[in-house]
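# Descriptive structure summary
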Amino acid sequence: MVELLERTVPVGGFGRFSCFQRGRTVLRFLTAGESHGPALTAVIEGLPAGLEISSEQINRDLARRQQGYGRGGRMAIETDRVSILSGVRFGRTLGSPVTLQIVNRDWENWTEAMAIDAPRPHDDATQRRVTKPRPGHADLTGSLKYDHDDVRNVLERASARETAARVAVGAIAKTLLSGLGISVFSQVVSIAGVRADVLGTLGDVPSIEQSPVRCFDPQASRAMCRKLDEIKAEGDSAGGRFRVDAVGVPPGLGSYVSWERRLDAQLTGALMSIPAIKAVEIGLGFRAADLPGSQVHDEMQPPQVRDLTETPCRISMHLPVRKTNNAGGIEGGMSNGEPIWAVVAMKPIPTLYQPLQSFDLETGKAYAAKIERSDVCAVPAAAVVGEAMMAWVLAEAVLEKFGGDSASQLSDSYRRYVDHVSRRLSRE
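What follows concerns the overall build of the chain. The helix and strand inventory of the chain stands at 11 helices and 19 strands. Per-residue burial for the chain yields a buried fraction of 50% across its 428 residues. Contacts in the chain between residues far apart in sequence, at least 24 positions, make up 68% of those at least 6 positions apart. Carbon and sulfur atoms form 51% of the exposed surface of the chain, whose accessible area is close to 20500 Å².

See below:
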């Protein structure tokens, strides 16, 4: 009898991945790079061979991340484009590690301040040293933890610029999922207290993308933009909420048998790892705590043939009929066949053009915090990052359950499972 050994291993700066020896597929990624360094890099290991990949499909999501009303001056400098350096030949994955690189165009302005080699004597202006930590950032705690006397050593990596690499990785995860009929999309539901009254569905994605704040409600979208103009004029910043949905997810991803294999635990951890995120709700989330059980739990009617997704890769199976999806598509740590949805709360960006009070690490004196180029609001961009993280978690769960060293093997295993569940629920 072959023994399965399971280890939980931390992966740089992002959270966890499960490494399963002898029988379980390993899927993991690592990002590297600083905000004003030469480039951002991501390495993905565990993708099946034969998956169709193109730089253009990744670039589309990178462009979406850079859009949104309230973004700052850096978006006028950078036009993110990915280079695929390994693991792909003739447009298909090889099964070997895939390396992605996104060049920082602003690097040419930072070659001395962010030089790799030991510097010649310079003054602080040339090195762009930072000694005044900003409230709400990783600046102070990171400097204490890693014993840095220059806060730039912290803020360069803690910057949300790193999420560009995650979006590139997520674009590949979405490609893997789309082959199984699973789609992931996002939308902004509130900014600075202005809430959307109407939510979009998968079919409404084109309208969501046309909104300057990625909000399906046109009236709320306009009100959000007006509010951001007011906040910008005051030198302040704004947060908000976005929602991420996954449609076409079959029942049975994740598990109830061990805490770290619960799908909702993995998903919330991944979404919380996005910079500036302070809360994640699955389904009703906090609202479920205030309602009686009769208004929370999703009643089931006898199974019927249902389409899991509306995409061209149509997957149909017998599933119970539910009038509500308050659970957000996850029960007992497992997907239940309903769309998965999560609402994510992002705090206001902590870099303000009317800076908050701080102190100088070198002198101990009170000063206004250092101002770095920043956005007024990045909630629409964070929603795109949220898509990437949800897609990654679902891709992990899919490969854990169905395995396969090639895309065709994965697809065959997936369809066998769907047929098996459908036959069981149809009582044939």
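Let's pick the thread back up.
Moving on: a nonpolar patch on the surface. Judged by side-chain polarity, Leu140, Leu144 and Phe359 come together as a nonpolar surface patch covering roughly 260 Å² of accessible area. Along the chain, Leu140 turns up in helix α4 (residues 139-146). Judged by relative accessible area, which is 31%, Leu140 ranks as partly exposed.

Right, let's get into the packing of aromatic side chains. Across all of its chains, the model carries 3 aromatic pairs by this definition. A centroid spacing of 5.2 Å and a plane angle of 85° characterise the contact between Phe402 and Tyr414, whose relative ring orientation is edge-to-face. Of this pair, Phe402 sits in helix α10 (residues 379-402) while Tyr414 sits in helix α11 (residues 407-426), and the two are 12 residues apart along the sequence. Of the two residues examined, Phe402 and Tyr414, each falls in the buried class. Grouped by ring-pair contacts, the aromatic residues Phe402, Tyr414 and Tyr417 constitute a single cluster. Here Arg128 stacks its cationic end above the ring of Trp110, 3.9 Å away from the centre of that ring. Here the guanidinium or amino end of Lys145 rests over the ring plane of Tyr146, the centre of that ring lying 5.4 Å away.

Strand order across the open sheet formed by 5 strands is β10-β9-β11-β17-β12, with antiparallel pairing between neighbours. Here the strands that pair on one side only, and so sit at the sheet edges, are β10 (194-195) and β12 (277-282). Of the strand pairs in this sheet, β12 and strand β17 (residues 340-346) are connected by 5 bridges, and their pairing is antiparallel. Bridge assignment links Ile277 to a residue of β17, and that residue is Met346.

Put simply, helix α6 (residues 163-178) and α10 touch, their axes get as near as 7 Å, and they point 45° apart. Viewed along their axes, α6 and α10 adopt a mutual orientation that is oblique. Judged by the sense of rotation from one axis to the other, the crossing of α6 with α10 is left-handed. Along its contact with α6, which presents Thr163, Arg166, Val167, Val169, Gly170, Ala173, Lys174, Leu176 and Leu177, the element α10 presents Val384, Val385, Glu387, Ala388, Met389, Ala391, Trp392, Leu394, Ala395, Val398 and Leu399. Taken together, the residues that form the contact of α6 with α10 break down as 15 nonpolar, 2 polar and 3 charged.

Our focus in this paragraph is the packing of α10 against α11. Where α10 meets α11, the closest approach of the two axes is 10 Å, and the angle between their N-to-C directions is 80°. Between α10 and α11, the interaxial angle falls into the category roughly perpendicular. Between α10 and α11, the residues in contact are Val398, Leu399, Lys401 and Phe402 and Leu410, Ser413, Tyr414 and Tyr417, respectively. A per-class count over the contact of α10 with α11 returns 6 nonpolar, 1 polar and 1 charged.

Here the focus is the environment of Asn325. Inspection of the secondary structure puts Asn325 in the loop between β14 (316-321) and β15 (330-331). Asn325 sits in the buried class, given a relative accessible area of 17%. Spatially, the C-alpha atom of Asn325 lies 7.3 Å from that of Gly283, the residues being 42 residues apart in sequence. The residues contacting Asn325, other than those within four sequence positions of it, are Asp298, Glu338, Pro339 and Trp341. A distance of 2.7 Å separates the side chain of Asn325 from the backbone oxygen of Pro339, its partner in a polar contact.

Time to look at α11. In this model, α11 (20 residues) spans 28 Å end to end at C-alpha, consistent with the 28 Å of a helix rising 1.5 Å per residue. Within α11, burial applies to Leu410, Ser411, Ser413, Tyr414, Tyr417, Val418, Val421, Ser422 and Ser426. Tucked inside the fold, the buried residues of α11 contact α6, β14 and α10.

What counts as what
- Residues numbered from 1 in each chain as written.
- Predicted model: local features only at pLDDT ≥ 70, side-chain atom pairs only at ≥ 80, totals over all residues.
- Heavy atoms only, no water.
- Helix = DSSP H or I, 4+ residues; strand = E, 2+ residues; numbered from the N terminus.
- Buried < 20%, exposed > 50% of the residue type's maximum accessible area, 1.4 Å probe, protein only.
- Contact = heavy atoms within 4.5 Å.
- Areas by Shrake-Rupley, 256 points an atom, 1.4 Å probe, with all protein chains shown as cover.
- Patch = residues over 30% accessible without salt bridge, like charges linked within 9 Å, V, L, I, M, F, W, Y side chains within 5 Å.
- Salt bridge = Lys/Arg side-chain N within 4 Å of Asp/Glu carboxyl O.
- Phe/Tyr/Trp six-rings, centres within 6.5 Å; stacked < 30°, edge-to-face > 60°.
- Lys NZ or Arg CZ within 6 Å of the ring centre and 35° of its normal.
- Pairing = 2+ DSSP bridges.
- Axes fitted to C-alpha atoms, helices over the stretch in contact; angles between N-to-C directions.
- Parallel < 35°, antiparallel > 145°, perpendicular 65-115°, else oblique.
- Left-handed = near helix turned anticlockwise from the far one by under 90°.
- Nonpolar A, V, L, I, M, F, W, Y, C, P; charged D, E, K, R; others polar.
- Polar contact = N/O pair within 3.5 Å; in protein donor to acceptor, adjacent residues only side chain to side chain.
- Expected span 1.5 Å × (residues − 1).

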